[in-house]
Structure formats: C-alpha cells, structure tokens
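Listed below are the residues making up each chain.
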Amino acid sequence: MERSRRKWDFWSSRERLWSFYEQDTVEVRRDAVAQLDLEPGDAVIDIGCGRGANFALLREAVGPEGSVLGVDYSPGMLDGARDRIAEHGWENVETLRADATALPVAAERFDGALATTAVSTMPDVRAAVEGVHDALVPGASFAVYDIRLAPSGPARLLNPLVYAGYRVIGNWNREEDVLAELERAFADVQLVETFALGTNYVAVATKVGAATQ
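About the thresholds
- Residues numbered from 1 in each chain as written.
- Predicted model: local features only at pLDDT ≥ 70, side-chain atom pairs only at ≥ 80, totals over all residues.
- Heavy atoms only, no water.
- Core = buried A, V, L, I, M, F, W, Y, C linked by side-chain atoms within 4.5 Å.
- Buried < 20%, exposed > 50% of the residue type's maximum accessible area, 1.4 Å probe, protein only.
- Helix = DSSP H or I, 4+ residues; strand = E, 2+ residues; numbered from the N terminus.
- Contact = heavy atoms within 4.5 Å.
- Pairing = 2+ DSSP bridges.
- Phe/Tyr/Trp six-rings, centres within 6.5 Å; stacked < 30°, edge-to-face > 60°.
- Lys NZ or Arg CZ within 6 Å of the ring centre and 35° of its normal.

1. Comments concerning the nonpolar core
- I45, I47, F110, L136, F142, L182 and F186 are the most contacted members of the largest nonpolar core, which has 33 residues in total.
- Going through the elements one at a time, strand 1 (43-47), strand 2 (67-72), strand 4 (110-116), helix 5 (125-135), strand 5 (136-147), helix 7 (178-185) and strand 7 (200-206) are the ones with two or more residues in this core.
- Apart from residues lying up to four places away in sequence, F110 is in contact with A43, V44, I45, L69, V105, A135, L136, V137 and A140.
- In terms of nonpolar packing, the next biggest core, distinct from the first, is built from 22 residues, V62, L78, W90 and Y145 among them.

What follows is the structure, encoded as structure tokens:
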C-alpha cells in the first residue's frame, strides 16, 4: 500500500500527463458510467478516483440531488480532486482517503460504483472487489475500465514489456485477475468491450437482488 501511495503521490502533480489521460479516455469512461444506469438522486462511489477525472460524468448522471463520493489512498491525488470540486463548486461531490480493501462506509449504501484504471493497481484485488460489492445496494452495478496483458494472439509476445510499463507507472498487480475476482464476488459479470489488442476493457458486474430504485 505504501509503495502504491508513494507512486501515485509522485504522479499526482504531473498535470500534463493527467490532462492527456483524461482527454484520451473520456469516451471509454463515459461508456463505463453509462453501464451503471444511474438515475437522478442516486448515490455513486468512484473507487481510486485520482484527481477526479470521473466526477463531472458521474455528477451528470446523478444530478444535483444525487451524490458522488471519490475514494483514493493517495493524498496527492485527493488534493487534485478537491481542487477540482472547489473549482466547479460541486456541493454534492465529496472525497474520502481510504484503502479500497476496507471501505469505511455503510453496507448497501450506493446505487452504483465505478473504477477506471484503478482496481488492477491495488495490492489486494479480491478484498477491494468484495468491499465494493458490500457497499452496493442489491441490483446495483460496478463498472470497471481497466488494463491487462494481451490475452491472445501475437501481441502476447509484448507482454513482458507491457507488464514492465504497467509496473513502473502504476504499481500494477500481476498476481490477481480483476475479471476473475469480479466473477467470484458478483452474480452477473459482462465483458462489455475490449480494445488496444485486448489490453484494455470495460466490464460491468451486477449485485444479486432486486433493484431498490
């Protein structure tokens, strides 16, 4: 955890990098938010929220009467997220410094959860996924945009280089499979789309039970 925290604190101040990331991924992140089927007034949690790249998209989905909670372990990232909130005057967007593997939130509180390029960098993917599952109301979904090694084809020859890059930039966790952990914890998991030779994907996991909305 501390290695991850130091790494993300370091990257948090690289504004050009994050500006490029946000512009390059805005459509896929928008698609991931759409998978949640959020409605005005809903409560949604952004896991590994970083500098708040998803806040505007989530707030648009839940409206001013809904709420957005961004969770991250990096103080540097959260400083950027809070600056964004203050800049836009968003009164229904909050942040929380917390370990995603032990979310200090009430069970079955959220109508949706989102994580973008975050879960695969966590030291304990299983615990993080289980924590999100417990935080969701029955019938709610967890949308994940994440990265992996090339799963098939000639691109697999590049996987050692890809892994090295993932590890240097984001302290990527090679030992656990995000999709496998989603399938273990959730009743229904759909791989919505893949791109970049299969190394990037969007998946949506839905918690068993009747929706409450």
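2. Quick look at the pairing of strand 7
- Most of strand 7 sits out of view: 6 of its 7 residues are buried.
- Relative to strand 7, strand 5 is paired through 7 bridges, and the arrangement is antiparallel. Pairing of A143 across the sheet is with V204, part of strand 7.
- Strand direction decides the pairing type here: strand 6 (residues 188-195) and strand 7, joined by 7 bridges, are antiparallel. Its bridge partner lying in strand 7, T194 is registered against Y201.

3. Quick look at the packing of aromatic side chains
- By the definition in use, this model includes 2 aromatic pairs.
- Arranged with centres 6.3 Å apart and planes meeting at 40 degrees, the rings of F142 and F186 form a pair that is tilted. You can see F142 sitting in strand 5 and its partner F186 sitting in the loop between helix 7 and strand 6, a full 44 residues away along the chain. Neither F142 nor F186 differs from the other in exposure class; each is buried.
- Positioned over the ring face of Y73 is R97, at 4.4 Å from the centre of the ring.

On their own, these measurements won't tell you what the molecule is for.
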